[in-house]
Amino acid sequence: NAGVTQTPKFRVLKTGQSMTLLCAQDMNHEYMYWYRQDPGMGLRLIHYSVGEGTTAKGEVPDGYNVSRLKKQNFLLGLESAAPSQTSVYFCASSKTGRDKAQYFGPGTRLLVL
Amino acid sequence: AQSVTQLDSHVSVSEGTPVLLRCNYSSSYSPSLFWYVQHPNKGLQLLLKYTSAATLVKGINGFEAEFKKSETSFHLTKPSAHMSDAAEYFCVVSDQGFGYNKLIFGAGTRLAVHP
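Residues numbered from 1 in each chain as written. Chains lettered and ligands numbered in written order. Predicted model: local features only at pLDDT ≥ 70, side-chain atom pairs only at ≥ 80, totals over all residues. Heavy atoms only, no water.

A. Inspection of the environment of Pro39 of chain A at higher detail. Within the element layout of this structure, Pro39 of chain A appears in the loop between strand 4 (31–38) and strand 5 (42–51). Sequence separation between Pro39 of chain A and Val88 of chain A is 49 residues; the distance between their C-alpha atoms is 9.7 Å. (Helix = DSSP H or I, 4+ residues; strand = E, 2+ residues; numbered from the N terminus.)

Structural data, given as structure tokens:
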């Protein structure tokens, strides 16, 4: 099993450009999550999904959109990138239930100039 | 509301000596607790989890943690540090009532291992 994979690993954008980050998991997990990690801010939840076709906002959703068309994939979109979105983005997945651990991908490092 | 406090932001040990990373939690009910490790420029890897079964939890790479309800603690230990253990460690509690598996992260403890 590959677990949780993310593409791309690294990307540089100019302000105003758009891009999509792809997350895929092969563990048949119902729940998927997108986080961003910034120095001194820890991990913050952007959006999450509790099943195929459903998404919901997390703590810091502004400037991002998501889609979960297939159970194994969770896409994070930036429609008009801003320098404040420079960050490391992590995708995670988990089974249902609060005692189920989340499993993280390797991250995507995004630099917005 | 749930919360976790990692009592040390930095811990430095010599290779071969024991590791102790401290974590206290606050919870109004029986919590689910986790420890994750993050090596530089890598994702978060689950070390171990406590989900109301045995209070002493064994994880990967020789790490273990003990859930102590009376002390509201979940400290992470390892008998003998290895250079490859140098990383950032996060104590995490799972919250409920949000319709999904919400995780509350501690601020992290950076572990340095010296030869």
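Alright, that's what it looks like, and here's the rest.
B. Geometry of the sheet that holds strand 1 (residues 4–7) of chain A. All names here are of chain A. Across the sheet, which stays open at both edges, the four strands sit in the order 1-3-8-7 with antiparallel pairing between neighbours. The sheet is open, and its two edges are formed by strand 1 and strand 7 (65–67), each paired on a single side. Averaged over all pairs of adjacent strands, the angle between their axes in this sheet comes to 20°, without regard to strand direction. As judged from the three bridges shared by strand 7 and strand 8 (residues 73–78), these two strands associate in the antiparallel manner. Its bridge partner being in strand 8, Val66 is matched across the sheet by Leu76. (Pairing = 2+ DSSP bridges. Axes fitted to C-alpha atoms, helices over the stretch in contact; angles between N-to-C directions.)

C. Geometry of the environment of Asp26 of chain A. Residues and elements named next belong to chain A. In this fold, Asp26 is placed in the loop between strand 3 (19–25) and strand 4. Taking C-alpha positions, Asp26 is 9.5 Å from Lys71, a pair spaced 45 residues apart along the chain. Leave out the neighbours within four places in its chain, and Asp26 touches Asn1, Ala2 and Gly3. A distance of 2.7 Å separates a polar side-chain atom of Asp26 from the backbone nitrogen of Ala2. In terms of polar contacts, Asp26 uses its side chain to reach the backbone amide nitrogen of Gly3, at 3.0 Å. (Contact = heavy atoms within 4.5 Å. Polar contact = N/O pair within 3.5 Å; in protein donor to acceptor, adjacent residues only side chain to side chain.)

D. How the structure looks around the side chain of His47 of chain A. Residues and elements named next belong to chain A. Mapped onto the elements of the fold, His47 is located in strand 5. The class for His47 is buried, based on a relative accessible area of 7%. A distance of 3.2 Å separates a polar atom in the side chain of His47 from the backbone oxygen of Ala56. A polar side-chain atom of His47 sits 3.3 Å from the main-chain carbonyl oxygen of Tyr64. Ignoring anything within four residues of it in the chain, the contact list for His47 reads Tyr33, Trp34, Ala56, Lys57, Gly58, Pro61, Tyr64, Asn65, Val66 and Phe74. (Buried < 20%, exposed > 50% of the residue type's maximum accessible area, 1.4 Å probe, protein only.)

Purely spatial values, then, with no claim about function.
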